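Listed here are the chains, written in short residue letters.
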Amino acid sequence: MKITGLEAIILYSEVKNPVKDALHTYDAGTTVVTKLLTDEGITGYASSYFGRGKATASVLKVLLEQELAPQLIGEDPLFTKRIRKKLWGVADYHGVEGLAHFGISAIDIALWDIVGKSVGLPVAKVLGGVRDRVPAYAMAGWYFDTEKEYIEKCIATAEEGFKAIKLKVGRYSLENDVQRIKAAQRELGEHFTFLVDANQGFDEREAIRRGRAYEQLGIRWLEEPLIPQQKENHARLVQALDIPIAIGENYYAKHQFYDAVQAGAASIYQLDNRRAGGPTEWMEIGAITDAAGLQLASHGGGPANVNMLCAIPNAIFLETGSLKKENHMLKTQLTMVDGEVLLPDTPGMGTDVNEDYIRAHRVDG
Ligand SMILES: [Mg+2]
């Protein structure tokens, strides 16, 4: 089999009800869909997400189509590591992180989609599966305009079948955090698992002060208390606090994860498959964290993440929004049973995008 072409498509949509975390407002979403074509008629798909970043998506499209794609034409898509090496060689002058690694990650996901489709199996099974379902939590506790909406969103997660929820913290005072957490705990009960995410909102001293309060409330993990570059500072939090520290959604490739593991920066690493790398990189990051006795979760949901978490022994949690909402874009539907999302039996990564959705949201021609 040979790769014959690559197409990058930009999709844009306004968010009807904008949400906020400690630092950001999400009122629009831009996605770059990567399609990798082969001479055997198999097409590999991947999606990269950029929040509001329309211009950023355009840069990635140019990078994918004009700089990375020429390296792929004529290559056998089953040689995933050889292709990754070629792409690193192209990107190393401007840096193999940031947008370059978004491009490399998208190509690797699309390659593995082709690998799975070529043998008729979900990628988790091709990689050596360890489970066929994974516990999921709902990223539902955003900052909304009203307290009423926040509570409604919390209740909706329980109604949908989740047993765990993540709440945003750090936008306002510690007292406000405590009030938000207690309100969710009152509605959802003791059997629910609660996680909090500060989205890099604190400095070290404030993270320790707030982390001690979250511990008292039985929170499962404190996510991104500091900017991700401060690995030594994170390591001091790990030492000072009992609550597990989770980071990683803003790290690129195994080397940044390796450095963080060496520094002792967290107990749980959260991989974003649009940024950290595709399955090739994930399996290596999985091995590094597993060897160090650490746990792994996904940043973001969808069938691609389910495939990866089902292939990595130390994976503990899938992050996702409402499963009903996400299904408009992708062909593969996810199913949750007893708070766990099942591995779909779709061959490949499950990343095929509905053509109707592309037609409705395409902004690049
Ligand atoms: Mg986060």
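Residues numbered from 1 in each chain as written. Predicted model: local features only at pLDDT ≥ 70, side-chain atom pairs only at ≥ 80, totals over all residues. Heavy atoms only, no water.

Looking at the pairing of strand S10 (residues 295–298)
Line of reasoning, step 1. As paired elements, strand S9 (residues 268–271) and S10 share 4 bridges and run parallel to each other. In the sheet register, Tyr269 faces S10, and the bridge partner there is Leu296.
Line of reasoning, step 2. After leaving S9, the chain enters helix H10 (residues 279–291) and then returns to the sheet as S10, a path that is right-handed.
Line of reasoning, step 3. With 2 bridges connecting them, S10 and strand S11 (residues 315–320) associate as parallel partners. Within the sheet, the bridge partner assigned to Leu296 lies in S11 and is Ala315.
Line of reasoning, step 4. Regarding topology, helix H11 (residues 303–309) serves as the crossover connection from S10 to the parallel S11, and that connection is right-handed. (Pairing = 2+ DSSP bridges. Helix = DSSP H or I, 4+ residues; strand = E, 2+ residues; numbered from the N terminus. Right-handed = clockwise from strand over helix to strand, strands pointing away.)

Some details on the domain arrangement of the chain
Line of reasoning, step 1. Here the chain is partitioned into domain 1 (3–120) and domain 2 (125–342).
Line of reasoning, step 2. Taken together, the contacts link 28 residues of domain 1 with 30 residues of domain 2.
Line of reasoning, step 3. A per-residue breakdown of the area domain 1 buries against domain 2 is headed by Lys20, Ala22 and Arg84, which together make up 23% of the total.
Line of reasoning, step 4. Applying the counting rule to domain 1 against domain 2 returns 3 salt bridges.
Line of reasoning, step 5. Between Glu281 and Arg84 there is a salt bridge whose closest N-O contact spans 2.7 Å.
Line of reasoning, step 6. On the surface where domain 1 and domain 2 come into contact, there are 11 residue pairs in polar contact (both at pLDDT 80 or more).
Line of reasoning, step 7. Breaking the side of domain 1 that touches domain 2 down by element, the ones donating at least two residues are strand S1 (3–20), strand S2 (25–38), strand S3 (43–49), helix H2 (80–91) and helix H3 (98–119).
Line of reasoning, step 8. Top element by residues in the side of domain 1 that touches domain 2 is H3. It accounts for 10 residues.
Line of reasoning, step 9. Class assignment for the residues of the side of domain 1 that touches domain 2 results in 11 nonpolar, 11 polar and 6 charged. (Domains from an automatic or database assignment. Contact = heavy atoms within 4.5 Å. Buried area = accessible area lost by both parts, 1.4 Å probe. Salt bridge = Lys/Arg side-chain N within 4 Å of Asp/Glu carboxyl O. Polar contact = N/O pair within 3.5 Å; in protein donor to acceptor, adjacent residues only side chain to side chain. Nonpolar A, V, L, I, M, F, W, Y, C, P; charged D, E, K, R; others polar.)

Digging into the nonpolar core
Line of reasoning, step 1. Judged by nonpolar contacts, the single largest core of 100 residues is most densely connected at Leu36, Ile107, Tyr214 and Tyr269.
Line of reasoning, step 2. Counting residues per element, this core draws most heavily on H3, at 11 residues.
Line of reasoning, step 3. Of the residues that make up this core, three or more belong to each of domain 1 (3–120) and domain 2 (125–342).
Line of reasoning, step 4. Excluding residues within four positions of it along the chain, Ile107 makes contact with Leu6, Leu36, Leu64, Leu68, Leu72 and Leu87. (Core = buried A, V, L, I, M, F, W, Y, C linked by side-chain atoms within 4.5 Å. Buried < 20%, exposed > 50% of the residue type's maximum accessible area, 1.4 Å probe, protein only.)

Concerning empty space enclosed by the protein
Line of reasoning, step 1. All told, the structure shown has 2 cavities of 30 Å³ or more when counted by the stated rule.
Line of reasoning, step 2. The volume enclosed by the second largest cavity comes to roughly 30 Å³.
Line of reasoning, step 3. In terms of residues, the lining of the second largest cavity owes the most to one element, H3, which gives 3 residues.
Line of reasoning, step 4. Per-class residue counts for the lining of the second largest cavity are 2 nonpolar, 4 polar and 3 charged.
Line of reasoning, step 5. Each of two domains, domain 1 (3–120) and domain 2 (125–342), supplies a minimum of three residues to the lining of the second largest cavity. (1 Å grid on protein atoms, 1.4 Å probe; cavity = no way out; pocket = protein on both sides within 12 Å on 5 of 7 lines; lining within 4 Å. Points joined across faces, edges and corners; volume = space filled by probe spheres on them.)

Points about the packing of aromatic side chains
Line of reasoning, step 1. Per the stated rule, a full pass over the model turns up 10 aromatic pairs.
Line of reasoning, step 2. Plain terms: the ring middles of Tyr26 and Trp142 are 5.4 Å apart, the flat faces sit at 65° to each other, and that makes the pair edge-to-face. In this pair, Tyr26 is assigned in strand S2 and Trp142 in the loop between strand S4 (133–141) and helix H5 (147–160), connecting sequence segments 116 residues apart.
Line of reasoning, step 3. Their ring planes at 45° and their centres at 5.9 Å tell us that Phe192 and Phe194 sit as a pair that is tilted. (Phe/Tyr/Trp six-rings, centres within 6.5 Å; stacked < 30°, edge-to-face > 60°.)

Observations regarding the UniProt feature "domain: Mandelate racemase/muconate lactonizing enzyme C-terminal" (unreviewed entry) in the chain
Line of reasoning, step 1. UniProt records the feature "domain: Mandelate racemase/muconate lactonizing enzyme C-terminal" (unreviewed entry) at residues 147–244, using the numbering of this structure.
Line of reasoning, step 2. Across residues 147–244, helical content stands at 53% and strand content at 12%; the span's end C-alpha atoms are separated by 28 Å. (UniProt positions renumbered as here; feature names shortened; annotations may be inferred.)

Points about the sheet that holds S2
Line of reasoning, step 1. The strand order across the open sheet built from 3 strands is S1-S2-S3, with neighbouring strands paired in antiparallel fashion. Both edges of this open sheet fall to S1 and S3, since each of them pairs with a single strand only. Across the sheet, the axes of successive neighbouring strands diverge by a mean angle of 20°, strand direction being ignored.
Line of reasoning, step 2. Bridging between S2 and S3 involves 7 bridges; their strand directions are antiparallel. If you follow Leu37 over to S3, its bridge partner there is Thr43.
Line of reasoning, step 3. Strands in contact with helix H1 (residues 54–68) are S1, S2 and S3; relative to S1, the strand with the most contacts, it is inclined by about 170°. (Axes fitted to C-alpha atoms, helices over the stretch in contact; angles between N-to-C directions.)

Topic: H1
Line of reasoning, step 1. Here H1 spans 20 Å end to end across 15 residues, near enough to the 21 Å set by a 1.5 Å rise per residue.
Line of reasoning, step 2. Within the span of H1, buried status applies to Ala57, Leu60, Lys61, Leu63, Leu64 and Leu68. The arc that holds every buried residue of H1, seen down its axis, measures 160°, which confines them to one face. More than 90 degrees from the buried face of H1, the exposed residues found are Ala55 and Gln66.
Line of reasoning, step 3. In the core, the buried residues of H1 are packed alongside S1, S2, S3, H2 and H3. (Expected span 1.5 Å × (residues − 1). Arc of directions from axis to C-beta.)

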